[in-house]
Amino acid sequence: MSDIILHHYGLSPFSEKVRTTLGLKGMSWRSVDVAPLPPRPLLAALTGGYRRIPVLQIGADIHCDTNAILPALERLQPEPSIYPGGCEGLARGAAFGWERSVWIPTIGVLVHFIGDALPPEFIKDRKEGYLGIDISKPAMAPDLPHHLQVLRAHYGWLRQALTAAKARGHAFLFGQSPSVLDLACWQTTFLMRKNAPPEVDALVGFHGLEAWYASIAAIGHGHASAMTPEEALAAAAAARPAAVAHLRPDGDPGGLQPGASVVVTPDDNARVPVTGTLVAASDAEVVIHRHDPQAGDLHLHFPRLGFDVMPI
Ligand SMILES: N[C@@H](CCC(=O)N[C@@H](CS)C(=O)NCC(=O)O)C(=O)O
């Protein structure tokens, strides 16, 4: 089997969600460190321009967005499942909602504490190429009360759900191992708690969640060995995309047919369009083919949640 290659950087919490899933499943993987700021030319050759981090590569199959990456890892290594107790639909939906709702508020709270240390080029890049908003401390400060309300409301329902789970004898939301929802709630908290001083807990109403947080933090990252971006590109060029066995072969439930030219674009931020030919699609995932002069034939996998797939 081809290596499992993760393109990521240490400070990226969405990457931490993937690293922790690799740890949970006890997997061995290759680690390609990317710069926290573009340009990332060798990665762009694989992704067709999709700019967010992390990206998972398995040979010539490129999985963009953690909502495509975690299901790919689940198919490769089903145990322990990230959908304990058959929670897949509920956990996937709520995880999407959590990340959408708390991402900017989490950044707002973090900037309140560490904003003075952010380099100007980082603030410029995140405004122009990623979030579309100014995340400097003076620009975020007026929204702090609102951001705190959002986080308190979300940690409130998480605490309620975990208390009920504990009463059923579960350590995590749906059972004895973390679900995709636990991992999503955990990763944004990881960004905040790793980088802000301890008083952040009281500010956002994090109390009662410490043991749950610590159990996920203790999972670790599995077995990683370093790989260079050049080696990863060569691995893609030497491989062929895998046949798509997990999606229906008769096209998109919305009517797009295999062979159609499409453009796939995130619907929230870093809205770089990626063009290709539809290979297969379901309500959960779309796979497109593209040819890159350096990397060869590739299949790019995107989740449907959070992406627009349009014919061209
Ligand atoms: N929905 C995406 C979000 C990924 C995301 O926003 N990642 C951040 C890093 S944690 C990012 O790409 N930041 C801009 C960059 O690194 O270029 C996912 O689940 O993978």
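Residues numbered from 1 in each chain as written. Predicted model: local features only at pLDDT ≥ 70, side-chain atom pairs only at ≥ 80, totals over all residues. Heavy atoms only, no water.

Trainee: Just give me the short version of the domain arrangement of the protein chain, but keep the residues and values in it.
Mentor: Considered domain by domain, the protein chain is made up of domain 1 (4-80 + 224-311) and domain 2 (84-217). On the domain 2 side, the residues contacting the 25 residues of domain 1 number 23 residues. Buried surface at the junction of domain 1 and domain 2, both sides included, amounts to about 2100 Å², of which 64% is carbon and sulfur. There are four salt bridges connecting domain 1 and domain 2. Two residues, aspartate 125 and arginine 51, come together in a salt bridge whose shortest N-O distance is 3.0 Å. Put simply, domain 1 and domain 2 have eight residue pairs in polar contact (both at pLDDT 80 or more) between them. (Domains from an automatic or database assignment. Contact = heavy atoms within 4.5 Å. Buried area = accessible area lost by both parts, 1.4 Å probe. Salt bridge = Lys/Arg side-chain N within 4 Å of Asp/Glu carboxyl O. Polar contact = N/O pair within 3.5 Å; in protein donor to acceptor, adjacent residues only side chain to side chain.)

Trainee: Please set out the side chain of serine 179 residue by residue, giving values where relevant.
Mentor: Among the secondary structure elements, serine 179 is positioned in the loop between α7 (144-167) and α8 (180-195). Serine 179 gets classed as buried once you look at its relative accessible area, which sits at 0%. Not counting chain neighbours up to four residues away, the residues in contact with serine 179 comprise Ile82, Pro84, Cys87, Ala91 and Phe174. (Helix = DSSP H or I, 4+ residues; strand = E, 2+ residues; numbered from the N terminus. Buried < 20%, exposed > 50% of the residue type's maximum accessible area, 1.4 Å probe, protein only.)

Trainee: Hey, could you go over the sheet that holds strand β10 (residues 307-311) for me, with residue numbers and the actual values?
Mentor: An order of β5-β2-β1-β3-β4-β9-β8-β7-β6-β10 is seen for the ten strands of this open sheet, with the pairing classed as mixed. Among the strands making up the open sheet, the edge pair consists of β5 (223-226) and β10. In this sheet, adjacent strand axes meet at a mean angle of 35 degrees when their direction is disregarded. Both strand β8 (residues 285-292) and strand β9 (residues 296-303) contribute to a ladder of eight bridges, which runs antiparallel. Looking across to β9, one finds that arginine 290 is bridged to leucine 298. (Pairing = 2+ DSSP bridges. Axes fitted to C-alpha atoms, helices over the stretch in contact; angles between N-to-C directions.)

Trainee: Can you tell me about the packing of helix α4 (residues 88-114) against α8, naming the residues and giving the values?
Mentor: Remark: α4 packs on α8, axes separated minimally by 9 Å, with the N-to-C direction vectors making an angle of 5 degrees. In terms of axis orientation, α4 runs roughly parallel to α8. Residues Ala91, Arg92, Ala94, Ala95, Trp98, Glu99, Val102, Trp103, Thr106, Leu110 and Ile114 of α4 pack against Val180, Leu181, Ala184, Cys185, Gln187, Thr188, Leu191, Met192 and Asn195 of α8. Classifying every residue of the contact of α4 with α8 gives 14 nonpolar, four polar and two charged. (Parallel < 35°, antiparallel > 145°, perpendicular 65-115°, else oblique. Nonpolar A, V, L, I, M, F, W, Y, C, P; charged D, E, K, R; others polar.)

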